[in-house]
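# Architecture at a glance
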Amino acid sequence: MDDNKKMKLADILASKGLSINYQYGGKAPEEMVDREVKKEPTPRAKRLRDIFYNTLSTANMEFPYWYNRKFNELEGEITVVRRALALKEAFSRLTPNIIPGEKLVMQKTYNYRGSFPMPWLSESFFVAKESELYKAALESGSASAGELSEFGHGGGNVTKSFGNVVSIAGKFGMRKEEIPVLLKVANEWIGKSVEDLGHKYEKMVPDYEIKENIMRSLVCMFDSGFTLPQGREVINYYYPLQYGFDKLIEMAKECKDEVAGNADGDGVTGMDRLYFYEAVIHIIEGIQTWILNYSKHARRLEKIAKNEEDKKEYMDIANCLENIAHKKPATFREALQLSYILHIAVLNEDAISGLAIGRLGQVLYPWYEQDIELGNITKEEVLELLELYRIKITCIDCFASTGVVGGVLSGNTFNNLTLGGLTHDGQSATNDLEMLIVEAGITCETPQPTLSVLYDEKLPEKFLLKCVECDKTGAGYPAWMNNRGGIEFMMNQYSPEGMTIKEARSFAIGGCLETSPGCWKELDLNGKKYKIPGGAGQPTSVGVHFIANPKVLELVLTNGVDNRTGIKVFEPHNRKLETYEELVDTFKMYYEKAVDVLAKTNNVQHDIWRKQNMSVVNSFLKPDCLSKGQHIGNMGYRYNATFNVESCGTVTMVNSLAGIKKVVYDDKKFTIEELKDAIINNFGFKNALETRNFSMVDQEKVDNSGKYDDIYGECLMAPKYGNDNPYADTILKEYEDWFCEMSKTAMSLYAKPMYACQISVSTHGAQGAATLATPDGRLAGTTYSDGSMSAYPGTDKNGPYALFESATVWDHSNSQNSQMNMKIHPSALKGAQGTKHLLDLTRSYMRKGGFHIQYNIVDSKVLRDAQKNPDNYRDLMVRVAGFTQYWCEIGKPIQDEVISRTEYEGV
């Protein structure tokens, strides 16, 4: 290939006097600029975080082995009791492991950063890979030392097998001697797992073949019924915090006596209450044994410790665990430890991404206030505990397939901690403990837990400025959500289930930025009463998953056939698309068909899940399962209208519709067929999957005939969203008004209307790779626009306030969320004045009705250098789309997209 053929897009545009400018408001300094705010964690936290940096994601078979063994022994038992007893056995058998220096202890598995497969949910991945896994186990001994260096490039990701370790899903390492156990257990679930039974019965849905074609062409990203059936919700820690485990067992036994043989007027699920309470007793006993096993281990370590300081630390751990294994916590440390244990218990019960922590600073404030007033703890000691908590939450991994862990999650688990908001009586809910939570996010930067602020005009300035200071570390958190908008959404969606304004104020962010319903519960500590918030709703983001909006538009242009695979996804519409209105109508027709079939098939999968694999731990924690005597699947939760329709690539689609409207229908410079031909041929450029460069500026031209130059130039110059231009913004408003209403027509398995959810996570990378060039000038294989309100990189030419005008042409409270990412150069926010400027910027967007905004405060030159020299940047974190992740653990398509986002040099 000659040099001319290797000419890149940036060079071509420059030769025509045009440019793709990824900077606004000035020019960044030539030298790399580091982040302004930098603090160090306490020595203890630093040591443990360093251990994390040098720890690989590990999977083992201890939990699934014991679960599977006990489950098989109990054939014929009532399912919910059988499952509880199997979970009890698995929890009881977990080998305890306390890392030297820890004050908060316990984790998902024996390993510091460990997870495990759940073949009872999904086993096909392991069975399909059986020969490959066996081969890797046999041949891994020949792995060269060069393979080890790959792990530095991927942080904790085990991307390749080495030595005695087999790589699974490009993420987890499993010892080769455990592979036969994995495959044996997986094979026992063939035909019986949630995945297999779900597939068996979803095939009975009319148009099932359309669903499969939608999945194969990546119009939809994944099924949730057997991959991540729970999550994107807020946990509730109230009952164990208020009563303690012994009291909860006593309460469950009393409830058993009341309901045994009594249907209580309900001839459908009334009798199920007896079995649920029996299951609750068993699962609590299993969790108690798990905790006490760690206590015994701490006592053993205490005996062999060589100095008095270590002996005391192990003694304190044992005392803490022995108390909370039976009673409600007496101190802040015990309350924090118990909340963490409950979190891990839920994550070990099911495959979950996005189990949000909720408003922890408000939940644990009673113990903090008590201990500070009594002089039992200092703020410095609390800060250290909060730093240690961050490290423990960061160690959480979610075991799933490559497509889910990499293509959707980027290795993140979205344990979101929410700050701010209002109390039940409408006053500012923030407190001194939340200030320390933010400080811990500054001193001990880790991806988890990510922080989210429910912005409200009533929040104190001191707290808001502290949150901005945290943003200036460049860690990407906290994100900012509009509290008033969230409350409005709560009322819109949940008032039919009894939601009130006071209860709506208890909502928090589930997953990365899904508004999730909650409730207030009264907690009593030493005679003083507090109302604390916690989750009270079903999992969200478990309806229709990530419909690729630009891909649906592509299928309109290609008459229902996926050009990449040749699959006929939808029945040909055979329309000539003579008007813009006809094109949009066809887009809606295909979209509605996708939502209809995906909603129905996912309902079947989730129905199998709730019948075969129902939650017990998460159920007894959340209101109102204990009072109703019903688990999540029997609608024991207070709020059940939580399923949604997720979209991806909104702004790429809006810009594409603007391009088509301008070039084909308004100016009539080219026909729809000419545009289709140009798109299929990628406007004469290579596909990004060939070049392995996913930024637009790096795309290489291969067709120098000039055939597509004019049409491509027109597409690039067509109006773009984000510039306060009614031409594009009206298209966004019309789409949003339709999408938010259309989503309500889909019904969940709980017979509740779904709603719109607008985020991207990492799907804009994988789905962009499966999509042809688009009529906005985006080239094939490159990522979509991220989020839902973010401008496509380089296309927002008029500054942030023009972007805000474009983003708020529609009512954000009609959707569960919206998502805007913004990248700002550190030099634009220097000093106290820069901090105030960023708060003013945030305020302006919230006041205009925007729901969400988050910031990457980083020099793009740092990101480019980190991409070339990842070993030098093990601790570098960036905000992707609703979450923060270590740069070295993010795939290249998303890295390129983050680098190419418009960088604001002034705000």
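Basis of the calculations
- Residues numbered from 1 in each chain as written.
- Predicted model: local features only at pLDDT ≥ 70, side-chain atom pairs only at ≥ 80, totals over all residues.
- Heavy atoms only, no water.
- Pairing = 2+ DSSP bridges.
- Helix = DSSP H or I, 4+ residues; strand = E, 2+ residues; numbered from the N terminus.
- Right-handed = clockwise from strand over helix to strand, strands pointing away.
- Expected span 1.5 Å × (residues − 1).
- Buried < 20%, exposed > 50% of the residue type's maximum accessible area, 1.4 Å probe, protein only.
- Core = buried A, V, L, I, M, F, W, Y, C linked by side-chain atoms within 4.5 Å.
- Contact = heavy atoms within 4.5 Å.
- Polar contact = N/O pair within 3.5 Å; in protein donor to acceptor, adjacent residues only side chain to side chain.
- Disulfide = S-S within 2.5 Å.
- Axes fitted to C-alpha atoms, helices over the stretch in contact; angles between N-to-C directions.
- Parallel < 35°, antiparallel > 145°, perpendicular 65-115°, else oblique.
- Left-handed = near helix turned anticlockwise from the far one by under 90°.
- Phe/Tyr/Trp six-rings, centres within 6.5 Å; stacked < 30°, edge-to-face > 60°.
- Lys NZ or Arg CZ within 6 Å of the ring centre and 35° of its normal.
- Salt bridge = Lys/Arg side-chain N within 4 Å of Asp/Glu carboxyl O.

### A short note on the pairing of strand β8 (residues 417-420)
One ladder, built from 4 bridges, connects β8 with strand β9 (residues 451-455); its direction is parallel. By the bridge assignment, Leu-417 is partnered in β9 with Leu-451. Since β8 and β9 lie parallel, the crossover through helix α20 (residues 432-443) that links them has a hand, and here it is right-handed.

### Here's the deal with helix α28 (residues 650-666)
An α-helix turns once every 3.6 residues. As a result, residues three or four positions apart point the same way. With 17 residues, α28 ought to run about 24 Å at 1.5 Å a step, and its terminal C-alpha atoms sit 22 Å apart, in line with that. Of all 17 residues making up α28, 14 are buried, and the element is well covered by its neighbours.

### Examining the nonpolar core
Proteins that are soluble and globular tend to have nonpolar side chains buried together. By size, the foremost hydrophobic cluster in this structure holds 238 residues, and its most contacted members are Phe-332, Trp-480, Leu-583, Phe-620 and Phe-683. If sequence neighbours within four positions are ignored, Leu-583 has contacts with Leu-553, Val-556, Leu-557, Leu-577, Leu-657, Ile-660, Tyr-665 and Ile-672. Core analysis: the next-biggest nonpolar cluster, separate from the first, contains 46 residues, Met-481, Ala-504, Phe-546 and Val-880 among them.

### Description of helix α22 (residues 483-494)
Relative to the 16 Å expected for 12 residues at 1.5 Å per residue, α22 spans 16 Å between its end C-alpha atoms, a close match to the ideal helical length. Here α22 has its buried residues at Asn-483, Gly-485, Gly-486, Ile-487, Phe-489, Met-490, Gln-493 and Tyr-494. As for α22, its buried residues are in contact with β9, β10 (479-482), α23 (501-504), β12 (514-516) and β17 (755-758). One side-chain oxygen of the residue at the start of α22 lies 3.1 Å from the amide nitrogen of Arg-484, identifying that residue as Asn-482.

### Brief notes about unusual backbone geometry
Geometrically, the link from Gln-448 to Pro-449 is a cis peptide bond, its omega value of -15° lying close to zero. Asp-624 follows Pro-623 through a cis peptide bond whose omega is 10°. Within the element layout of this structure, Asp-624 appears in the loop between α26 (617-621) and α27 (625-628). The backbone phi angle of Asn-526 is positive, close to 55°, even though this residue is not glycine. A relative accessible area of 65% means that Asn-526 is categorised as exposed. In the Ramachandran plot, Arg-692 falls in the positive-phi region, its phi being about 60° despite a non-glycine side chain. Structurally, Arg-692 can be placed in the loop between α30 (688-691) and α31 (709-717).

### Focus on the state of the cysteines
This model, assessed by the stated rule, comprises 0 disulfides. Cys-512 supplies the cysteine sulfur nearest to Cys-757, a cysteine that is in no disulfide, at a spacing of 7.4 Å.

### With respect to the packing of helix α14 (residues 308-324) against helix α15 (residues 332-349)
At their nearest, the axes of α14 and α15 sit 10 Å apart, and the two run at 65° to each other. One way to sum up the angle between α14 and α15 is to call them roughly perpendicular. Seen from above, α14 lies across α15 with right-handed handedness. Of the residues in α15, those in contact with Asp-316, Ile-317, Cys-320, Leu-321, Asn-323 and Ile-324 of α14 are Arg-333, Glu-334, Gln-337, Leu-338 and Ile-341.

### Some details on the pairing of β9
Counting buried positions over the 5 residues of β9 gives 5, a clear majority of the element. Of the two faces of β9, the one lined by Leu-451, Val-453 and Tyr-455 and the one lined by Ser-452 and Leu-454 are each fully buried. Sheet analysis places β9 next to β10, joined by 4 bridges and oriented parallel. Looking across to β10, one finds that Val-453 is bridged to Trp-480. A crossover links β9 with its parallel partner β10, the connecting element being helix α21 (residues 461-471), and its sense is right-handed.

### Points about the packing of aromatic side chains
How two aromatic rings sit relative to each other is given by the distance of their centres and the angle of their planes. By the definition in use, this model includes 32 aromatic pairs. Ring geometry for Tyr-591 and Trp-738: centres 5.5 Å apart, planes at 85°, overall edge-to-face. Placement of the pair is Tyr-591 in helix α25 (residues 580-612) and Trp-738 in helix α32 (residues 726-743), with a sequence separation of 147 residues. On the accessibility criterion, Trp-738 (13% relative accessible area) is buried. Sitting over the face of the ring of Tyr-727, Lys-662 holds its NZ or CZ atom 5.9 Å from the ring centroid.

### What to know about the pattern of salt bridges
This structure, assessed with the given rule, holds 53 salt bridges. Close ionic contact of Asp-524 with Lys-529 constitutes a salt bridge, the shortest N to O distance being 3.2 Å. Across the pair Lys-551 and Glu-554 runs a salt bridge, and its minimum N-O distance is 3.1 Å. Of the two residues, Lys-551 and Glu-554 both sit in helix α24 (residues 549-557), 3 residues apart, roughly one turn of that helix. Pair check on accessibility: Lys-551 and Glu-554 agree, each one buried. One connected set of salt bridges, linked through shared partners, spans Glu-202, Lys-211, Glu-212, Arg-216 and Asp-223.

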